[in-house]
Amino acid sequence: MRVVRTISDLRDGLAGWRRAGESIGLVPTMGALHAGHMALVEAARSRCRRTVATIFVNPKQFAPGEDLSTYPRPEAADLDMFRSAGVDVAFVPTVDQMYPPQFTTVVQVGGLSEGLCGAHRAGHFDGVATVVTKLLMQTLPDTAYFGEKDYQQLLVIRRMVRDLDIPVVIKGVPIVREPDGLAMSSRNRYLSAEERRTAPHLARVLTAVAVGLEHAPDTVSRETGNARTELTRAGFNVEYLEVRSAENLTPVCDVVTEPSRVLAAVHLGRTRLIDNFPIASPAGT
Ligand code: AMP
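Sequence order sets the numbering: in each chain, residues are counted from 1 along the sequence as written. Given that this is a predicted model, residues contribute local features only at a pLDDT of at least 70 and side-chain atom pairs are listed and counted only at 80 or more, while totals for whole chains, interfaces and linings are drawn from all residues. Calculated side-chain values reflect all of the structure's heavy atoms, with hydrogen atoms and water omitted.

For the rest of this paragraph, the subject is the overall build of the protein chain. Along the protein chain, the regular secondary structure elements total 10 helices and nine strands. Taken over C-alpha atoms, the radius of gyration comes to 19 Å for the protein chain, in line with the 19 Å a tight globule of 285 residues would show. In terms of overall dimensions, the protein chain has C-alpha extents of about 55 × 45 × 40 Å along its principal axes. The contact rule is simple, with two residues in contact once any of their heavy atoms fall within 4.5 Å. Of the contacts made within the protein chain by residues no fewer than 6 positions apart, 74% connect residues no fewer than 24 positions apart. Carbon and sulfur atoms form 50% of the exposed surface of the protein chain, whose accessible area is close to 12,900 Å². Across the protein chain, the 32 positively charged side chains and the 32 negatively charged ones have centroids separated by 4 Å. The way it works is that DSSP assigns letters per residue, a run of H or I at least four long becomes a helix, a run of E at least two long becomes a strand, and they are numbered from the N terminus. As defined in this context, the radius of gyration uses C-alpha atoms, and a globule is described by 2.2 Å times the residue total to the power 0.38. For accessible areas, the Shrake-Rupley method is used with a probe of radius 1.4 Å. Any residue's cover is judged against the shown protein chains and nothing else. Counted charges follow a simple rule, with Lys and Arg positive, Asp and Glu negative, and His plus the chain ends left uncounted. Charged side chains are reduced to one point each, which is NZ for Lys, CZ for Arg, CG for Asp and CD for Glu.

This is the structure:
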């Protein structure tokens, strides 16, 4: 595995593969890797001849007061994980490489970026869209892989690629969970032992909403209301818990009539957790 830190080294490294007609898969990450990230690498490796994985803690996607300065950066361990997973090139740029002085461009995806996490993290999706556009233009992959863990992000990126005619296929990868159901996340390492015991409750409550709505599609407000109460009682501070269309995130307030998703963001102590589950479309609709 080659580790490259500049855009020109990245381009030089990929030019030969492209000339040889080898397909390239891209896996963007912020590091502090876990099995969820590795599922993206495996998906890339299974479909593409070459895999490029990136580690960049993107300052533009952190709102003021968030955990940019404390975000874990175990670079050597991350590179070992990429190496043993068969990544061909790890791109680990500096902030100056990505945002040289007088960088002023912002990629903004209207609509989809606005609710859910977008409503609570000022500028977050502008930062995500801008950095992902840059990574796509720098790497020019055939396919790029993103986790359903960040479901809104996945849809924002799909829309952005479509709107800007960026010639890349965006693949979503299902959420990888701990044995107790907690969605894997780099931020789980912030949890105290007691919070870690509470955390899987989030997945259990969201699963119950999804199952409940599959049986009784017209109980959205009751199910989501009960879920919020239950999470608050368990010690979570609920930022949002909503049912949305799986295709375009339109709010589903009363009745589930199309494939949907229950999505939530919560705080447990100082840790922000997000998770979501699919809700199958009721039969016959
Ligand atoms: P991050 O390093 O948190 O920015 O995540 C990098 C990529 O890994 C994003 O596309 C995430 O959606 C994805 N990802 C993070 N956690 C998981 C997980 N538990 N399962 C699947 N994908 C994940």
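This next bit is on the pairing of strand β5 (residues 143–147). Regular strands have side chains that alternate between both faces of the sheet. Relative accessibility under 20% of the residue-type maximum defines a buried residue, over 50% an exposed one, and the middle range a partly exposed one, all with a 1.4 Å probe and only protein chains included. Where burial is concerned, most of β5 is hidden: five out of the five residues are buried. Of the two faces of β5, the one holding T143, Y145 and G147 and the one holding A144 and F146 are both buried throughout. Strand pairing is assigned whenever DSSP detects at least two bridges linking the two strands. The pairing of strand β2 (residues 24–29) with β5 spans two bridges and is parallel. Bridging across to β5, L26 finds its partner in A144. Here a crossover is taken to be right-handed if, once the strands point away from the viewer, the path from the first strand over the helix to the second is traced clockwise. For the segment spanning β5, helix α7 (residues 151–163) and strand β6 (residues 169–173), crossover handedness is right-handed.

This part takes up the packing of helix α1 (residues 7–19) against helix α6 (residues 124–139). Fitted lines through C-alpha atoms give the axes, limited to the stretch in contact for helices. The angle between two N-to-C directions lies from 0 to 180 degrees. Viewed as axis vectors pointing N to C, α1 and α6 meet at an angle of 50 degrees, and their least axial separation amounts to 9 Å. Compared by their axis directions, α1 and α6 come out oblique. Side by side, α1 and α6 meet where I7, L10, R11, L14 and R18 of the first sit next to M137, Q138 and T139 of the second. When residues are grouped by polarity, Ala, Val, Leu, Ile, Met, Phe, Trp, Tyr, Cys and Pro land in nonpolar, Asp, Glu, Lys and Arg in charged, and all others, Gly among them, in polar. Its residues placed into classes, the contact of α1 with α6 shows four nonpolar, two polar and two charged. For this classification, under 35 degrees means roughly parallel, over 145 means roughly antiparallel, 65 to 115 means roughly perpendicular, and everything else is oblique.

To continue, consider the pattern of salt bridges. Any Lys or Arg side-chain nitrogen located within 4 Å of an Asp or Glu carboxyl oxygen qualifies as a salt bridge. Taken as a whole and assessed by the stated rule, the structure comprises 12 salt bridges. The salt bridge involving D67 is made with R187; its shortest N-O contact spans 2.8 Å. Within this pair, whereas D67 is found in the loop between β3 (50–55) and α3 (75–84), its partner R187 is found in the loop between β6 and α8 (193–198), the two being separated by 120 residues in sequence. D67 sits in the buried class, given a relative accessible area of 14%. Residue classification places R187 among the buried residues on the basis of a relative accessible area of 16%. Residues D180 and R196 are paired through a salt bridge, measuring 2.9 Å at the closest nitrogen-oxygen approach. A residue pair is termed long-range when its members are at least 10 positions apart, and D180 in the loop between β6 and α8 and R196 in helix α8 qualify at 16 residues. Where salt bridges share partners, they join E22, R50 and D88 into one cluster.

This part is about the site of the ligand. Close to the ligand lie 16 residues; H37, G147, D150, V176 and M184 are nearest. Here a polar contact is taken to be a pair of N or O atoms separated by no more than 3.5 Å, where protein atoms must pair a possible hydrogen donor with a possible acceptor and residues adjacent in sequence count only if both atoms sit in side chains. Here an oxygen atom of the ligand and a backbone polar atom of M30 are 2.9 Å apart. In the environment of the ligand, an oxygen atom lies 2.6 Å from a nitrogen or oxygen atom belonging to the side chain of D150. Protein contacts shield 92% of the accessible area of the ligand, which totals 480 Å² for the unbound molecule. Of all the secondary-structure elements, those providing two or more residues to the shell around the ligand are β2, α2 (35–47) and β5. We define proximity as follows: a residue is near a molecule or strand when any one of its heavy atoms falls within 4 Å of that partner.

Another aspect to go through is the nonpolar core. Ranked by internal contacts, the top residues of the largest apolar core, which has 43 residues, are V52, V132, L136, M160, V161 and I170. Elements with a minimum of two residues in this core: α1, β2, β4 (89–91), α5 (116–120), α6, β5, α7 and β8 (260–268). What is meant by a nonpolar core is a set of buried Ala, Val, Leu, Ile, Met, Phe, Trp, Tyr and Cys residues, joined one to another through side-chain atoms within 4.5 Å. A199, F236, V243 and V266 belong to the second largest nonpolar core, which has 25 residues in total.

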